[in-house]
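Results of the structural survey
Spelled out from the first residue to the last, the chains are:
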Amino acid sequence: MFQNLNKYLVGCLLLIIFVSSAQSREYCDEALTFINEVTDETLSIINSSEFTKNQKKSNLSELLNKNADFETMGKIMLGKYARKLPDGMKEVYTDLIQKMLTKTIYDRLDNDEEEPDVTYAIVNDSCRSKGSKNKEFLVDGDVLKDDSRLASIRWWIIINKDQQYKVIDLTLAGVSLTLQKKDEFTSYLSNKSVSQLINNLSKKFD
Amino acid sequence: MAKIYIHRLFFVIMLLLMLSLHTTTSKADISQFIEDNYNSSYVESSTPEISYNTFDPFEETNRKMFAFNQAVDKAILKPMAQAYRDIVPEGGRESIRNFLRNLESPTILFNDILQGEEERTSNTVKRFVINSSVGFFGFGDPATDMGYPRHTEDFAQTLAVYGVESGPYMVSPLFGPSTPRHIAGRLVDFAVHPLTWYLQNQNDGYRYSYGISEAVVAREELLDVLDDIEENSTDYYVSIRNMYMQRRIDEISNGVPSDEPSEFSIDTARDLNLVF
């Protein structure tokens, strides 16, 4: 009887391992597809000669709204200070983070308009899950400028409560946008309050 | 009967082992997470905390030096870089950039060899030969189109590869963001570069022209980027420090994304009910 039980338990264990690994692969495939769609849309905006600057900015903002989780990004940037964010200010803060990141990313892309003949491409070629729940993924790839490798790119994405994939960090040429802002905010908040930070962000980005 | 007991014992041991391993891993993950992101403390600290991923014990002095460098930049270097951009068209600037980069090849080669990077060593040699000949003394960069893209190496990166720690963050006068390892690396790179020895026997004009043109060309490349960072940051000094540290890690790992510093998990934070 126990021998049968042993076989049953071993079988269950193997099944759990197999299902979990297959699930992880499946999620990673979906994550990669999601990122490839986001990069295709981003590049079609950047490489387009039809859009004006303002149209590009507005399209990019819309794309980021749809695919990035600004609330989580904002919390990562605040780190331990996130608990000091008053409930009434959470929406204002998230809104400012969204404006700040959209502007930062747009400004960075806008500089490259000086070279109109240059074509950018992004090849995302690997994905791995992180954390223990198959809800976070790192997708790595390369940014190509006229087919030559320009820099590495890493996307950190999560599956949110609504089961949607969302970007929470972008690391370009080794520089993580979220962590750069986290460092800034940590330094700022070491001798100032969260409200002062929000006022500062508001002056700059509102 | 004994066989049955052995089986049961085996399963109990396996179960306990799995549970203990799981617990150990979780605890290690959590403590690492806290260590990395919350500076080992949830308690309010009266002393200013050290910023994430950077070690800046001389921050006060560094900030003064940063302000000095910024003043020099705003008064001299930035206007020179802007004038250079206004006068020289993009094509000309690219040729000059290529020429100066080609001159860096001996330094890159020296460090490729020291790091035992065979493929990169071969790439640097081919780039130098192709760009110096077909590329007309390095003003063109046909090597990139031929499949030999540019990479950078310096002696500080070589030291890092051999395990030498960077030391604290420092802002050097005129040279900007740095660390003791980077400063030592710059000195070695300067000393072993053939151009340094060649220029020793030339008049001061040549020496200064080379140094100034390198600075102006490098600054021109960063005109928009630095303006954007300054405009979009809450603390320009911290932004530059963070970017410098992250970029150096990227350069040392030859552009291969590392698991640090962003390797922390939202899952763990949610489980701990810290911020989410």
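1. Some points on the overall build of chain B
In terms of regular secondary structure, chain B is built from 13 helices and two strands. Here chain B, with 276 residues, has 37% of them falling under the buried criterion. For chain B, long-range pairs separated by at least 24 residues make up 66% of all intrachain contacts whose partners lie at least 6 apart in sequence. For chain B, the computed accessible surface area is about 15,700 Å², with 66% contributed by carbon and sulfur atoms.

2. Things to note about the pattern of salt bridges
Applying the stated rule across the entire model yields 31 salt bridges over all chains. For the salt bridge of Arg-97 of chain B with Glu-90 of chain B, the shortest nitrogen-to-oxygen distance reads 3.4 Å. A residue is classified by how much of its surface remains accessible, and Glu-90 of chain B, at 23% relative accessible area, is partly exposed. Linked through salt bridges whose partners overlap, the residues forming this network are Asp-183 of chain A together with Asp-56, Glu-59, Arg-63, Asp-235 and Arg-241 of chain B.

3. What to know about the sheet that holds strand E4 (residues 165-172) of chain A
Residues and elements named next belong to chain A. Strand order across the open sheet formed by five strands is E1-E2-E3-E4-E5, with antiparallel pairing between neighbours. The open sheet has two edge strands with one neighbour each: strand E1 (120-130) and strand E5 (175-176). In the sheet, E1 pairs with strand E2 (residues 136-145) via 10 bridges, with the strands oriented antiparallel. Residue pairing across strands places Asn-124 opposite Gly-141, the latter belonging to E2.

4. Considering the environment of Ser-187 of chain A
Residue and element names in this part refer to chain A. Among the secondary structure elements, Ser-187 is positioned in helix H5 (residues 177-189). Here Ser-187 falls in the buried class, since its relative accessible area comes to 10%. Placed 97 residues apart in sequence, Ser-187 and Lys-90 show a C-alpha to C-alpha distance of 20 Å.

5. Re the nonpolar core
Residue and element names in this part refer to chain A. In this structure, Leu-78, Tyr-93, Ile-97, Phe-185 and Leu-201 are the most contacted members of the largest nonpolar core, which totals 30 residues. Those elements giving two or more residues to this core turn out to be helix H2 (53-67), helix H3 (70-78), helix H4 (90-110), strand E3 (148-159), H5 and helix H6 (194-205). Element by element, the count of residues in this core is highest for H4, at six residues. Excluding residues within four positions of it along the chain, Leu-78 makes contact with Leu-85, Tyr-93, Phe-185, Leu-189 and Leu-197. Judged by nonpolar contacts, the second largest core, of 18 residues, contains Cys-28, Ala-31, Val-143 and Ile-159.

6. Here's the deal with a nonpolar patch on the surface
Residues and elements named next belong to chain B. Taken together, the side chains of Ile-76, Met-80, Tyr-208 and Ile-212 present a nonpolar region at the surface, about 400 Å² in accessible area. For the nonpolar patch, the secondary-structure elements that each account for two or more residues are helix H2 (59-87) and helix H10 (204-221). As for its placement among the helices and strands, Ile-212 is situated in helix H10.

7. So, the packing of aromatic side chains
Two measures describe an aromatic ring pair: the distance that separates the ring centres and the angle between the ring planes. Under the criterion given, the structure shown has 10 aromatic pairs over all chains. Ring geometry for Tyr-27 of chain A versus Phe-137 of chain A: centroids 6.5 Å apart, planes at 45 degrees, classification tilted. Of the two residues, Tyr-27 of chain A is situated in helix H1 (residues 2-46) and Phe-137 of chain A in strand E2; the sequence distance between them amounts to 110 residues. Residue classification places Tyr-27 of chain A among the partly exposed residues on the basis of a relative accessible area of 23%. Ring geometry for Phe-34 of chain A versus Tyr-165 of chain A: centroids 5.8 Å apart, planes at 25 degrees, classification stacked. Pair noted here: Phe-34 of chain A is in helix H1 and Tyr-165 of chain A is in strand E4, with a separation of 131 residues, a long-range link. Classification of Phe-34 of chain A by relative accessible area gives buried; the value is 10%. Connected via pairs of aromatic rings, a cluster forms that spans Phe-66, Tyr-169, Tyr-236, Tyr-237 and Tyr-244 of chain B. Over the ring of Tyr-188 of chain A we find Lys-192 of chain A, and its NZ or CZ is 4.8 Å from the ring centre.

Procedures and definitions
- Residues numbered from 1 in each chain as written.
- Chains lettered and ligands numbered in written order.
- Predicted model: local features only at pLDDT ≥ 70, side-chain atom pairs only at ≥ 80, totals over all residues.
- Heavy atoms only, no water.
- Helix = DSSP H or I, 4+ residues; strand = E, 2+ residues; numbered from the N terminus.
- Buried < 20%, exposed > 50% of the residue type's maximum accessible area, 1.4 Å probe, protein only.
- Contact = heavy atoms within 4.5 Å.
- Areas by Shrake-Rupley, 256 points an atom, 1.4 Å probe, with all protein chains shown as cover.
- Salt bridge = Lys/Arg side-chain N within 4 Å of Asp/Glu carboxyl O.
- Pairing = 2+ DSSP bridges.
- Core = buried A, V, L, I, M, F, W, Y, C linked by side-chain atoms within 4.5 Å.
- Patch = residues over 30% accessible without salt bridge, like charges linked within 9 Å, V, L, I, M, F, W, Y side chains within 5 Å.
- Phe/Tyr/Trp six-rings, centres within 6.5 Å; stacked < 30°, edge-to-face > 60°.
- Lys NZ or Arg CZ within 6 Å of the ring centre and 35° of its normal.

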